[in-house]
Amino acid sequence: MGTQFRKALTLTVTNFSQKSSPINSPPFPSGGCDWIIKVYPKGSGDDNYLSLFLSPDDPKSLGINWKRKANFYFVLLNQSGRELHKTPGDQWFCADSLSWGFPQTLPRKKLVDKIYLDNDIFKIEIYIKVVEVVEGYHMFPASFTNKLLQSCLEYPDKSEKDTVDVNGFQVLSSQVTSVRQVFEEHPDIAVDIRSKNQVVKTEYMNVLLRVMETMGKPPQSISETELTNVHSELTELTEVGFKVEWLKTKLEEFSVEWKKANPDGCRIQQLEEHVKNLELTVLDLKAELDMEKAKSTSDAATILLLQDTLSDLKIELGKEKAKTATATDKFLLLKETYSDLKVELDKEKAKSSSAAAKVLSLEETLSNLKVEFNQKRGSPAGDNVLSWEDDDDDLFSNTNCLGIQQKTNVYKRIN
């Protein structure tokens, strides 16, 4: 018994929207028995829901009055691995309660929705922990019952007369040597036998001796039906508690020899197995083809989306190019304007320089004239100079010299 939950199985459901019949998962072991998941795509009672159930795979093999208490939960995932839903469970399983689960696990419409599923595929994971086990007890198989009834009808007194006890088995005198030899070579062969009924145990021993007798014959002398019966009877002996692993090994060797001795029958069997394998391969290929079709549809949609995105990017690039061209034109225009202004400024500077030179020349000429004028008049230089200086101020402050002063100021600013 496990002490923690473990993921026991992942079941992939394809083409969900097209499925309506129940789906059984492959069996998986836990707590001493095999289990299966039962999936109802259109619900176990309501077509609008997905239903999930957990059940033992072969309840009959568990015997009578068996019980299992299991904690478990289902997890539903889309194809990308994103969890869609989780359902916890805690239940006793027995012969009267073989299956337990969730009739309304999830609305079917929600699963079919393309937002929820990728390519109409989803996965179911089962996590299980068997916390309590009650083993059942086994009655002898039905085939033994039929054989026993037939034996009792044919030999009504066989169980009471001419029998010898060998290790708790009542056997005929003619069988004593063979049975004793079996127990000598395999002393633990019957330690796990559950039945205490002597008649039933005798029939068990008869089946064992019959199997050994058949396997003692030449392989080419027995039919395929007889070989199949030996396999079946050996399985039944194992189920009721006989330890016959050694006999199973011999049966495998015997089967190999039988196939060599019966090539035609072996060939037919191989062909049948080959046909089954081909059928399984065809089913797998169909499923793979459906997935590829779905994938191709998805890829086509992706390509269209990429084409639309590329077209949008081209349009945006064209707009950016137009903006760049406009900015370039503006830059060139500004550059040209700047060049023109610079040329004009240089011209103005040249004019200002010429005007300043003229002003200096005039000042120097006026100064010379003042000196010369005063010398010719023979008057005191101070009065005449002062008077002349007043006239000079009037001359340079009046409108007559305004243009010269303006040009001189411009020249000073530039330099």
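Residues numbered from 1 in each chain as written. Predicted model: local features only at pLDDT ≥ 70, side-chain atom pairs only at ≥ 80, totals over all residues. Heavy atoms only, no water.

What follows is about the overall build of the protein. From N to C terminus, the protein includes nine helices and 11 strands. Sorting the 415 residues of the protein into buried and exposed places 30% on the buried side. Taking as baseline every contact in the protein between residues at least 6 positions apart, the subset at least 24 positions apart corresponds to 64%. In the form shown here, the protein has an accessible surface area of approximately 27000 Å², with 54% of it arising from carbon and sulfur atoms. (Helix = DSSP H or I, 4+ residues; strand = E, 2+ residues; numbered from the N terminus. Buried < 20%, exposed > 50% of the residue type's maximum accessible area, 1.4 Å probe, protein only. Contact = heavy atoms within 4.5 Å. Areas by Shrake-Rupley, 256 points an atom, 1.4 Å probe, with all protein chains shown as cover.)

Taken as a whole, this structure holds four salt bridges when the rule is applied. Asp192 serves as the salt-bridge partner of Lys243, at 3.8 Å between the closest nitrogen and oxygen. With Lys243 in the loop between helix 5 (224–239) and helix 6 (245–261) and Asp192 in the loop between helix 3 (176–185) and helix 4 (198–215), this residue pair connects regions lying 51 residues apart in the sequence. With relative accessibility at 29%, the residue Lys243 sits in the partly exposed group. (Salt bridge = Lys/Arg side-chain N within 4 Å of Asp/Glu carboxyl O.)

Its identity is not glycine, yet Asn15 carries a phi of approximately 50 degrees, on the positive side. Residue placement: Asn15 occurs in the loop between strand 1 (6–13) and strand 2 (23–24). Its identity is not glycine, yet Asn65 carries a phi of approximately 65 degrees, on the positive side. Along the chain, Asn65 turns up in the loop between strand 5 (49–56) and strand 6 (67–78).

A word on the packing of helix 3 against helix 4. If you want to describe how two helices pack, look at the angle between their axes and the distance between the axes. Packing of helix 3 against helix 4 leaves a shortest axis separation of 11 Å and a crossing angle of 85 degrees. By the angle class used here, helix 3 and helix 4 are roughly perpendicular. Residue-level inspection shows Ser178, Val179, Val182 and Phe183 of helix 3 in contact with helix 4, the latter providing Met205, Leu208, Leu209 and Met212. Grouping the amino acids of the contact of helix 3 with helix 4 by side-chain chemistry returns seven nonpolar, one polar and no charged. (Axes fitted to C-alpha atoms, helices over the stretch in contact; angles between N-to-C directions. Parallel < 35°, antiparallel > 145°, perpendicular 65-115°, else oblique. Nonpolar A, V, L, I, M, F, W, Y, C, P; charged D, E, K, R; others polar.)

What follows concerns the side chain of Ser25. Tracing the backbone through its elements, the reader meets Ser25 in the loop between strand 2 and strand 3 (28–30). Within polar-contact distance, the side chain of Ser25 engages the backbone nitrogen of Ile37 at 2.8 Å. Setting aside its immediate chain neighbours within four residues, Ser25 contacts Leu9, Leu11, Ile36 and Ile37. (Polar contact = N/O pair within 3.5 Å; in protein donor to acceptor, adjacent residues only side chain to side chain.)

As judged from the two bridges shared by strand 2 and strand 4 (residues 33–40), these two strands associate in the antiparallel manner. Bridged to Ile23 within strand 4 is Val39. Pairing between strand 3 and strand 4: three bridges, direction antiparallel. When the sheet's bridge partners are listed, Ser30 is paired in strand 4 with Cys33. The antiparallel pairing of strand 3 with strand 4 creates a hairpin that spans two residues between the two strands, and Gly31 there sits at a positive phi of about 65 degrees. Bridge count between strand 4 and strand 5: six bridges; the pairing is antiparallel. Among the inter-strand pairings, Tyr40 is bridged to a residue of strand 5, identified as Ser51. (Pairing = 2+ DSSP bridges.)

Attention now moves to the packing of aromatic side chains. All told, the structure shown has 13 aromatic pairs when counted by the stated rule. Judged by centre distance (5.9 Å) and plane angle (85 degrees), the ring pair of Phe72 and Trp100 falls under edge-to-face. Placement of Phe72 in strand 6 and of Trp100 in strand 8 (residues 100–107) is noted, with a sequence separation of 28 residues between them. The exposure class assigned to Trp100 is partly exposed, which follows from its relative accessible area of 25%. One aromatic cluster is present, built from ring pairs that chain together Trp35, Phe72, Phe74, Phe93, Trp100 and Phe102. (Phe/Tyr/Trp six-rings, centres within 6.5 Å; stacked < 30°, edge-to-face > 60°.)

So, on to a negative patch on the surface. Taken together, Asp34, Asp57, Asp58 and Glu239 make up a surface patch of like negative charges. Take Glu239: it is sitting in helix 5. (Patch = residues over 30% accessible without salt bridge, like charges linked within 9 Å, V, L, I, M, F, W, Y side chains within 5 Å. Lys, Arg positive; Asp, Glu negative; His and termini not counted. Charge placed at Lys NZ, Arg CZ, Asp CG, Glu CD.)

Attention now moves to the nonpolar core. By size, the foremost hydrophobic cluster in this structure holds 31 residues, and its most contacted members are Phe169, Phe183, Ile189, Met205, Leu208, Phe242 and Leu247. Of all elements in the fold, only strand 11 (169–172), helix 3, helix 4, helix 5 and helix 6 reach the threshold of two or more residues within this core. Apart from the residues lying within four places of it in its own chain, the contact partners of Leu247 are Leu208, Val211, Met212, Met215 and Leu234. (Core = buried A, V, L, I, M, F, W, Y, C linked by side-chain atoms within 4.5 Å.)

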